[in-house]
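Observations on the three-dimensional arrangement
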Amino acid sequence: QQQVKQSPQSLIVQKGGISIINCAYENTAFDYFPWYQQFPGKGPALLIAIRPDVSEKKEGRFTISFNKSAKQFSLHIMDSQPGDSATYFCAASTNQGGSEKLVFGKGTKLTVNP
Amino acid sequence: NAGVTQTPKFQVLKTGQSMTLQCAQDMNHEYMSWYRQDPGMGLRLIHYSVGAGITDQGEVPNGYNVSRSTTEDFPLRLLSAAPSQTSVYFCASSALAGTSVIYEQYFGPGTRLTVT
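From a predicted model like this one, the values you see are computed outputs, not experimental measurements. (Residues numbered from 1 in each chain as written. Chains lettered and ligands numbered in written order. Predicted model: local features only at pLDDT ≥ 70, side-chain atom pairs only at ≥ 80, totals over all residues. Heavy atoms only, no water.)

Describing the overall build of chain A
Helices and strands together make up the secondary structure of chain A, namely zero helices and 11 strands. Along chain A, from the amino end to the carboxyl end, the secondary structure elements read β-β-β-β-β-β-β-β-β-β-β. Here chain A has a C-alpha radius of gyration of 14 Å; the compact-globule value for 114 residues is 13 Å, and the two agree. For chain A, the spread of C-alpha atoms along the three principal axes comes to 45 × 30 × 20 Å. Counting over 114 residues, chain A shows a buried share of 45%. Of all intrachain contacts in chain A linking residues separated by at least 6 positions in sequence, the fraction that spans at least 24 positions is 54%. Within the structure as shown, chain A displays about 5500 Å² of accessible surface, and the carbon and sulfur contribution to it stands at 49%. Measuring between centres, the 12 positive side-chain charges of chain A sit 6 Å from its 8 negative side-chain charges. (Helix = DSSP H or I, 4+ residues; strand = E, 2+ residues; numbered from the N terminus. Rg over C-alpha atoms; globule rule 2.2 N^0.38 Å. Buried < 20%, exposed > 50% of the residue type's maximum accessible area, 1.4 Å probe, protein only. Contact = heavy atoms within 4.5 Å. Areas by Shrake-Rupley, 256 points an atom, 1.4 Å probe, with all protein chains shown as cover. Lys, Arg positive; Asp, Glu negative; His and termini not counted. Charge placed at Lys NZ, Arg CZ, Asp CG, Glu CD.)

Description of the pattern of salt bridges
Residues and elements named next belong to chain A. In total, this model carries five salt bridges over all chains according to the counting rule given. Between Glu-26 and Lys-71 there is a salt bridge; the shortest N-O distance is 3.7 Å. On the criterion of sequence distance, the pair formed by Glu-26 in the loop between strand 3 (19-25) and strand 4 (33-38) and Lys-71 in the loop between strand 7 (62-67) and strand 8 (72-77) is long-range, its members being 45 residues apart. According to the relative accessible area criterion, Glu-26 is exposed, its value standing at 60%. A relative accessible area of 22% places Lys-71 in the partly exposed class. (Salt bridge = Lys/Arg side-chain N within 4 Å of Asp/Glu carboxyl O.)

Some points on the side chain of B:Gln37
Tracing the backbone through its elements, the reader meets B:Gln37 in strand 4 (residues 31-38). Once residues within four sequence positions are removed from consideration, B:Gln37 is found in contact with A:Gln38, A:Phe89, B:Gly42, B:Leu43, B:Ser87, B:Val88 and B:Phe90.

Let's talk about a nonpolar patch on the surface
Residues A:Ile18, A:Ile20 and A:Met78 make up a contiguous nonpolar surface patch of roughly 240 Å² in combined accessible area. For A:Met78, a relative accessible area of 35% gives the class partly exposed. (Patch = residues over 30% accessible without salt bridge, like charges linked within 9 Å, V, L, I, M, F, W, Y side chains within 5 Å.)

A closer look at the state of the cysteines
Residue and element names in this part refer to chain A. Per the stated rule, a full pass over the model turns up two disulfides over all chains. Between the sulfur atoms of Cys-23 and its disulfide partner Cys-90 the distance amounts to 1.9 Å. Where Cys-23 bonds to Cys-90 through sulfur, the torsion about that S-S bond is close to -95°, and the disulfide is left-handed. Taken together, the residues Cys-23 in strand 3 and Cys-90 in strand 9 (residues 86-93) connect sequence positions 67 residues apart. (Disulfide = S-S within 2.5 Å.)

Remarks on the nonpolar core
If you look at the biggest cluster of nonpolar residues, it comprises 25 residues, and the most contacted ones within it are A:Phe33, A:Trp35, A:Phe73, A:Leu75 and A:Tyr88. Among the secondary structure elements, those contributing two or more residues to this core are strand 2 (10-14), strand 3, strand 4, strand 5 (45-50), strand 7, strand 8, strand 9 and strand 11 (108-113) of chain A. If you tally residues by element for this core, the top one is strand 9 of chain A, at four residues. Filtering out sequence-adjacent residues up to four positions away, A:Leu75 remains in contact with A:Ser19, A:Ile20, A:Ile21, A:Trp35, A:Leu47, A:Ile48, A:Phe62, A:Thr63 and A:Tyr88. Counting 19 residues, the second largest nonpolar core, distinct from the first, contains B:Met32, B:Trp34, B:Val66 and B:Leu78. (Core = buried A, V, L, I, M, F, W, Y, C linked by side-chain atoms within 4.5 Å.)

Quick look at the structure:
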(Lines give C-alpha, C1' and ligand atoms only; values in the text may rest on other atoms or scores of the structure.)
Protein backbone atom coordinates (compact mmCIF):
# COMPACT_ATOMS: atom_id res chain seq x y z
CA GLN A 1 0.00 0.00 0.00
CA GLN A 2 1.11 3.54 -0.57
CA GLN A 3 2.49 4.86 2.68
CA VAL A 4 2.68 8.51 1.66
CA LYS A 5 -0.06 9.98 -0.53
CA GLN A 6 0.74 13.19 -2.37
CA SER A 7 -1.55 15.59 -4.20
CA PRO A 8 -2.03 17.14 -6.64
CA GLN A 9 -0.20 15.23 -9.36
CA SER A 10 0.37 18.47 -11.26
CA LEU A 11 -0.02 22.14 -10.44
CA ILE A 12 0.07 25.28 -12.56
CA VAL A 13 0.57 28.61 -10.80
CA GLN A 14 1.11 32.15 -12.01
CA LYS A 15 4.30 33.98 -11.11
CA GLY A 16 3.93 35.56 -7.69
CA GLY A 17 1.24 33.12 -6.60
CA ILE A 18 1.25 30.55 -3.81
CA SER A 19 1.90 26.90 -4.61
CA ILE A 20 0.53 24.34 -2.16
CA ILE A 21 1.31 20.63 -2.25
CA ASN A 22 -0.20 18.21 0.24
CA CYS A 23 0.87 14.87 1.66
CA ALA A 24 -0.81 12.41 4.00
CA TYR A 25 0.61 9.40 5.80
CA GLU A 26 -0.69 6.48 7.84
CA ASN A 27 2.31 5.21 9.80
CA THR A 28 2.42 7.07 13.11
CA ALA A 29 6.00 5.89 13.59
CA PHE A 30 7.21 8.29 10.89
CA ASP A 31 9.32 10.99 12.53
CA TYR A 32 11.08 12.81 9.72
CA PHE A 33 9.33 14.51 6.80
CA PRO A 34 11.49 15.98 4.04
CA TRP A 35 10.58 17.58 0.76
CA TYR A 36 12.76 17.02 -2.28
CA GLN A 37 12.94 19.13 -5.43
CA GLN A 38 13.87 17.63 -8.78
CA PHE A 39 14.65 19.49 -11.99
CA PRO A 40 14.43 17.67 -15.35
CA GLY A 41 17.43 15.42 -15.96
CA LYS A 42 18.75 15.83 -12.41
CA GLY A 43 18.61 13.88 -9.20
CA PRO A 44 16.32 15.02 -6.39
CA ALA A 45 17.76 17.45 -3.85
CA LEU A 46 16.60 18.16 -0.31
CA LEU A 47 14.58 21.36 -0.13
CA ILE A 48 13.32 21.49 3.46
CA ALA A 49 12.46 19.01 6.21
CA ILE A 50 10.51 18.92 9.46
CA ARG A 51 10.20 16.72 12.53
CA PRO A 52 6.81 16.21 14.23
CA ASP A 53 7.69 18.20 17.34
CA VAL A 54 7.01 21.45 15.45
CA SER A 55 3.97 22.50 13.43
CA GLU A 56 5.72 24.74 10.93
CA LYS A 57 9.14 25.33 9.46
CA LYS A 58 10.05 28.17 7.14
CA GLU A 59 13.11 28.63 4.94
CA GLY A 60 12.90 31.65 2.70
CA ARG A 61 9.85 31.32 0.45
CA PHE A 62 9.35 27.65 1.39
CA THR A 63 7.25 26.58 4.38
CA ILE A 64 6.27 23.15 5.67
CA SER A 65 3.06 22.97 7.69
CA PHE A 66 2.64 19.83 9.79
CA ASN A 67 -0.57 18.53 11.36
CA LYS A 68 0.28 15.54 13.53
CA SER A 69 -3.29 14.72 14.55
CA ALA A 70 -4.46 14.68 10.93
CA LYS A 71 -1.28 12.92 9.78
CA GLN A 72 -0.81 15.49 7.05
CA PHE A 73 1.90 17.87 5.98
CA SER A 74 2.14 20.36 3.19
CA LEU A 75 4.63 22.49 1.29
CA HIS A 76 3.82 26.12 0.61
CA ILE A 77 5.86 28.10 -1.90
CA MET A 78 5.22 31.80 -1.53
CA ASP A 79 5.81 34.26 -4.39
CA SER A 80 6.28 31.36 -6.79
CA GLN A 81 8.84 31.96 -9.55
CA PRO A 82 9.38 30.31 -12.95
CA GLY A 83 12.64 28.93 -11.55
CA ASP A 84 10.57 26.95 -9.02
CA SER A 85 9.14 24.87 -11.88
CA ALA A 86 10.19 21.33 -10.96
CA THR A 87 8.83 18.10 -9.56
CA TYR A 88 8.41 18.04 -5.78
CA PHE A 89 8.39 14.89 -3.68
CA CYS A 90 7.32 14.57 -0.09
CA ALA A 91 8.80 11.73 1.94
CA ALA A 92 8.75 10.19 5.40
CA SER A 93 11.01 7.96 7.44
CA THR A 94 11.12 6.31 10.83
CA ASN A 95 13.72 5.05 13.28
CA GLN A 96 11.63 2.14 14.40
CA GLY A 97 13.01 -1.36 14.09
CA GLY A 98 16.21 -0.12 12.54
CA SER A 99 14.23 0.73 9.44
CA GLU A 100 16.51 3.08 7.58
CA LYS A 101 14.10 3.70 4.74
CA LEU A 102 12.76 6.85 3.21
CA VAL A 103 9.30 6.46 1.65
CA PHE A 104 8.42 8.91 -1.12
CA GLY A 105 5.15 10.27 -2.43
CA LYS A 106 4.50 10.01 -6.16
CA GLY A 107 5.49 13.59 -6.87
CA THR A 108 3.89 16.85 -7.99
CA LYS A 109 4.95 18.54 -11.19
CA LEU A 110 4.84 22.29 -10.58
CA THR A 111 4.75 24.75 -13.46
CA VAL A 112 5.04 28.45 -12.68
CA ASN A 113 3.97 30.60 -15.62
CA PRO A 114 5.71 33.96 -16.12
CA ASN B 1 33.93 16.87 -3.44
CA ALA B 2 32.28 15.14 -6.39
CA GLY B 3 29.38 14.02 -4.18
CA VAL B 4 27.53 11.02 -5.60
CA THR B 5 28.57 9.87 -9.05
CA GLN B 6 26.82 7.34 -11.27
CA THR B 7 27.90 5.61 -14.45
CA PRO B 8 26.80 5.16 -17.12
CA LYS B 9 24.43 8.06 -17.75
CA PHE B 10 22.50 6.16 -20.41
CA GLN B 11 22.32 2.45 -21.25
CA VAL B 12 20.34 0.28 -23.66
CA LEU B 13 20.15 -3.44 -22.97
CA LYS B 14 18.50 -6.35 -24.69
CA THR B 15 16.23 -8.62 -22.70
CA GLY B 16 18.29 -11.19 -20.82
CA GLN B 17 21.52 -9.21 -20.77
CA SER B 18 23.23 -8.40 -17.50
CA MET B 19 24.95 -5.23 -16.41
CA THR B 20 26.15 -3.30 -13.39
CA LEU B 21 25.22 0.28 -12.59
CA GLN B 22 28.03 1.97 -10.74
CA CYS B 23 27.63 4.35 -7.81
CA ALA B 24 30.33 6.04 -5.77
CA GLN B 25 30.37 8.74 -3.09
CA ASP B 26 33.24 10.66 -1.56
CA MET B 27 31.48 12.00 1.54
CA ASN B 28 32.27 9.01 3.78
CA HIS B 29 28.55 8.32 4.18
CA GLU B 30 27.54 5.10 5.89
CA TYR B 31 24.13 4.85 4.23
CA MET B 32 23.72 4.24 0.51
CA SER B 33 20.65 3.31 -1.46
CA TRP B 34 19.28 2.66 -4.93
CA TYR B 35 15.93 3.93 -6.18
CA ARG B 36 14.11 3.58 -9.43
CA GLN B 37 11.92 6.36 -10.77
CA ASP B 38 9.06 5.63 -13.13
CA PRO B 39 6.48 8.14 -14.43
CA GLY B 40 3.72 8.69 -11.87
CA MET B 41 5.31 6.27 -9.39
CA GLY B 42 7.68 8.49 -7.47
CA LEU B 43 10.93 7.03 -6.17
CA ARG B 44 10.87 3.43 -5.05
CA LEU B 45 13.62 1.92 -2.93
CA ILE B 46 15.35 -1.12 -4.46
CA HIS B 47 18.15 -1.95 -2.00
CA TYR B 48 20.04 -0.11 0.69
CA SER B 49 23.14 -0.46 2.84
CA VAL B 50 24.05 0.95 6.24
CA GLY B 51 27.74 0.15 5.91
CA ALA B 52 30.33 -2.01 4.20
CA GLY B 53 29.23 -5.64 4.18
CA ILE B 54 25.62 -4.83 5.15
CA THR B 55 22.79 -4.68 2.63
CA ASP B 56 19.04 -5.07 2.80
CA GLN B 57 16.05 -5.11 0.49
CA GLY B 58 13.78 -2.20 -0.17
CA GLU B 59 10.33 -2.05 -1.71
CA VAL B 60 11.15 -3.46 -5.18
CA PRO B 61 14.25 -5.72 -4.92
CA ASN B 62 13.35 -8.47 -7.38
CA GLY B 63 15.71 -8.74 -10.34
CA TYR B 64 18.45 -6.70 -8.68
CA ASN B 65 21.51 -7.58 -6.60
CA VAL B 66 23.80 -5.34 -4.58
CA SER B 67 26.97 -5.64 -2.56
CA ARG B 68 28.94 -3.17 -0.46
CA SER B 69 32.59 -4.03 -0.14
CA THR B 70 33.75 -0.47 0.58
CA THR B 71 32.19 2.63 2.12
CA GLU B 72 32.53 4.50 -1.17
CA ASP B 73 30.97 2.10 -3.69
CA PHE B 74 27.53 0.54 -4.00
CA PRO B 75 26.99 -1.15 -7.39
CA LEU B 76 23.59 -2.37 -8.57
CA ARG B 77 23.53 -5.50 -10.70
CA LEU B 78 20.82 -6.55 -13.11
CA LEU B 79 21.28 -10.28 -13.65
CA SER B 80 18.87 -10.79 -16.54
CA ALA B 81 17.35 -7.54 -17.78
CA ALA B 82 13.63 -7.36 -18.49
CA PRO B 83 11.61 -4.62 -20.22
CA SER B 84 9.92 -3.93 -16.85
CA GLN B 85 13.29 -2.71 -15.60
CA THR B 86 13.27 0.19 -18.05
CA SER B 87 13.53 3.16 -15.70
CA VAL B 88 15.73 5.91 -14.35
CA TYR B 89 17.93 4.69 -11.52
CA PHE B 90 19.20 6.94 -8.76
CA CYS B 91 21.83 6.20 -6.18
CA ALA B 92 21.80 8.19 -2.94
CA SER B 93 23.90 8.44 0.20
CA SER B 94 23.54 9.96 3.63
CA ALA B 95 25.18 10.08 7.00
CA LEU B 96 23.75 8.15 9.92
CA ALA B 97 23.42 9.52 13.43
CA GLY B 98 23.32 6.72 15.96
CA THR B 99 22.05 3.52 14.42
CA SER B 100 19.08 4.37 12.27
CA VAL B 101 18.47 8.01 11.61
CA ILE B 102 18.51 9.18 8.06
CA TYR B 103 19.54 12.73 7.47
CA GLU B 104 19.70 14.49 4.12
CA GLN B 105 20.05 12.07 1.25
CA TYR B 106 22.34 13.19 -1.55
CA PHE B 107 21.30 11.86 -4.94
CA GLY B 108 23.43 11.14 -7.96
CA PRO B 109 22.52 12.38 -11.46
CA GLY B 110 20.83 9.12 -12.43
CA THR B 111 21.21 6.38 -15.04
CA ARG B 112 18.55 6.12 -17.72
CA LEU B 113 18.16 2.44 -18.63
CA THR B 114 16.15 1.09 -21.54
CA VAL B 115 15.59 -2.64 -21.94
CA THR B 116 14.33 -3.75 -25.36
